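One letter stands for each residue in the lines below.
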Amino acid sequence: MAAAPAPKTLAAFEAATGFMPLNEGLALYAAAAEAAALGLPLLEVGTYCGRSTILLADVAREAGTTAVTVDHHRGSEEQQPGWEYHDPELVDPEVGRMDTLPAFRRTLFHAGLEDYVVALVGRSPQAARIWNTPLGLVFIDGGHTDEHAGGDYEGWAPHVADGGLLVIHDVFPDPADGGQAPYRVYLRALASGAFTEVSVTDSLRVLRRTGPGS
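All of these numbers come straight from a predicted model, not from anything done at the bench.

A. Region of interest: the side chain of Gln-180. On the secondary structure map, Gln-180 appears in the loop between β7 (160-168) and α7 (181-191). Residue classification places Gln-180 among the buried residues on the basis of a relative accessible area of 17%. A polar contact is formed between the side chain of Gln-180 and the backbone oxygen of Phe-172, at a distance of 2.7 Å.

B. Geometry of the pattern of salt bridges. Going through the model one piece at a time under the given rule, you end up with four salt bridges. The salt bridge partner of Asp-58 is Arg-61, with a shortest N-O separation of 2.5 Å. Taken together, the residues Asp-58 and Arg-61, both in helix α3 (residues 51-63) and three residues apart, mark about one turn of the helix. The residue Arg-184 makes a salt bridge to Asp-146 at a minimum N-O spacing of 2.9 Å. Of this pair, Arg-184 sits in helix α7 while Asp-146 sits in helix α6 (residues 146-156), and the two are 38 residues apart along the sequence.

C. Up close: α7. For α7, the complete set of buried residues consists of Ala-181, Pro-182, Val-185, Tyr-186 and Ala-189. All buried residues of α7 project into a common sector of 145° when viewed along the axis, lining one side. Each element contacted by the buried residues of α7 is listed here: α6, β7, β8 (195-201) and β9 (204-209). The first or second residue beyond α7 is Gly-193, which carries a positive phi of 80°.

D. Region of interest: the sheet that holds strand β1 (residues 42-45). Read from one edge to the other, the open sheet built from seven strands follows the order β5-β2-β1-β6-β7-β9-β8, with strand pairing classed as mixed. Edge positions in the sheet fall to β5 (117-121) and β8, since each of these pairs with one other strand and no more. This sheet shows a mean twist of 20° between the axes of neighbouring strands, independent of strand direction. Sheet analysis places strand β2 (residues 67-71) next to β5, joined by five bridges and oriented parallel. The partner of Thr-69 across the bridge, within β5, is Ala-119. The strands that α6 touches are β1, β2, β6 (135-140), β7 and β8; relative to β6, the one it contacts most, it runs at about 175°.

E. Structural context of the nonpolar core. Counting 29 residues, the largest nonpolar core has Leu-28, Leu-137, Phe-139, Val-167 and Leu-204 as the members making the most contacts within it. The contact partners of Leu-28, leaving out residues within four places of it in the chain, are Met-20, Ser-52, Leu-55, Leu-56, Phe-139, Val-167 and Leu-204. In terms of nonpolar packing, the next biggest core, distinct from the first, is built from 25 residues, Val-68, Val-138, Ile-168 and Ala-189 among them.

F. Fine view of the environment of Arg-123. Within the secondary structure, Arg-123 is located in the loop between β5 and α5 (124-129). Of the residues examined, Arg-123 reaches a relative accessible area of 41% and is grouped as partly exposed. Sequence separation between Arg-123 and Asp-71 is 52 residues; the distance between their C-alpha atoms is 6.2 Å.

G. The pairing of β6, seen in detail. Extensive coverage of β6 is indicated by the burial of six of its six residues. Here four bridges tie β1 to β6, and the two strands are oriented parallel to one another. Across the sheet, Leu-42 pairs through a bridge with Leu-137, a residue of β6. Summarising the sheet, β6 and β7 pair through five bridges and their orientation is parallel. By the bridge assignment for β7, Leu-137 is matched with Leu-165. Tracing the backbone out of β6, into α6 and back to the parallel element β7 gives a crossover that is right-handed.

H. A look at helix α4 (residues 101-111). Residues Ala-103, Phe-104, Thr-107, Leu-108 and Ala-111 constitute the buried set of α4. One side of α4 carries all its buried residues, which in axial view fall inside an arc of 135°. Of the residues in α4, the exposed ones pointing more than 90 degrees away from the buried face are Arg-105, Phe-109 and His-110. Each element contacted by the buried residues of α4 is listed here: α1 (7-15), α3, β2 and β5. Looking one or two residues past α4, Gly-112 carries a phi angle of roughly 70°, positive in sign.

Procedures and definitions
- Residues numbered from 1 in each chain as written.
- Predicted model: local features only at pLDDT ≥ 70, side-chain atom pairs only at ≥ 80, totals over all residues.
- Heavy atoms only, no water.
- Helix = DSSP H or I, 4+ residues; strand = E, 2+ residues; numbered from the N terminus.
- Buried < 20%, exposed > 50% of the residue type's maximum accessible area, 1.4 Å probe, protein only.
- Polar contact = N/O pair within 3.5 Å; in protein donor to acceptor, adjacent residues only side chain to side chain.
- Salt bridge = Lys/Arg side-chain N within 4 Å of Asp/Glu carboxyl O.
- Arc of directions from axis to C-beta.
- Contact = heavy atoms within 4.5 Å.
- Pairing = 2+ DSSP bridges.
- Axes fitted to C-alpha atoms, helices over the stretch in contact; angles between N-to-C directions.
- Core = buried A, V, L, I, M, F, W, Y, C linked by side-chain atoms within 4.5 Å.
- Right-handed = clockwise from strand over helix to strand, strands pointing away.

Written out as structure tokens, the structure reads:
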């Protein structure tokens, strides 16, 4: 597996709607490429419009595995009307609520990656409760409240296989830079003794499972 995506994949990533900057995307791709050697699925929590899904799907295509992405597609707290990251173009005019699923499907179609992704449309804790397959990588990038970020960690971290990677986005040690829920999840993972930090790229943290538990 190449440690960096091909130009076509990078172009699709940069064209997609989303918030992940390029340097963090490259770090996510490198982590996924490493984790793919385990031959297990790669899972992300927080699909939005599929920007980071492109990277996981491209790795899955090259490695002969599957990318799984989990989202209810109604938008997280900060994407609701009146909040900083709200995009009115993503509101379903019929029901008056956020719906990022159509944009996500278009993203995968234009990137040519539909065949390498399983999209679970629903709430993360519900999906995690019925999930029984070990995972090579879990990427937590969903809701940013303690309830949602903590729930994502509790639901999915136990499924990270031995030697697999747990990746957490939007980790800001300084409250002035962003919300603290992902940072608290990151600290919790380290304190558990189950995970050891591998790399730091701005707000992206990569940890490896080196022990039991979560």
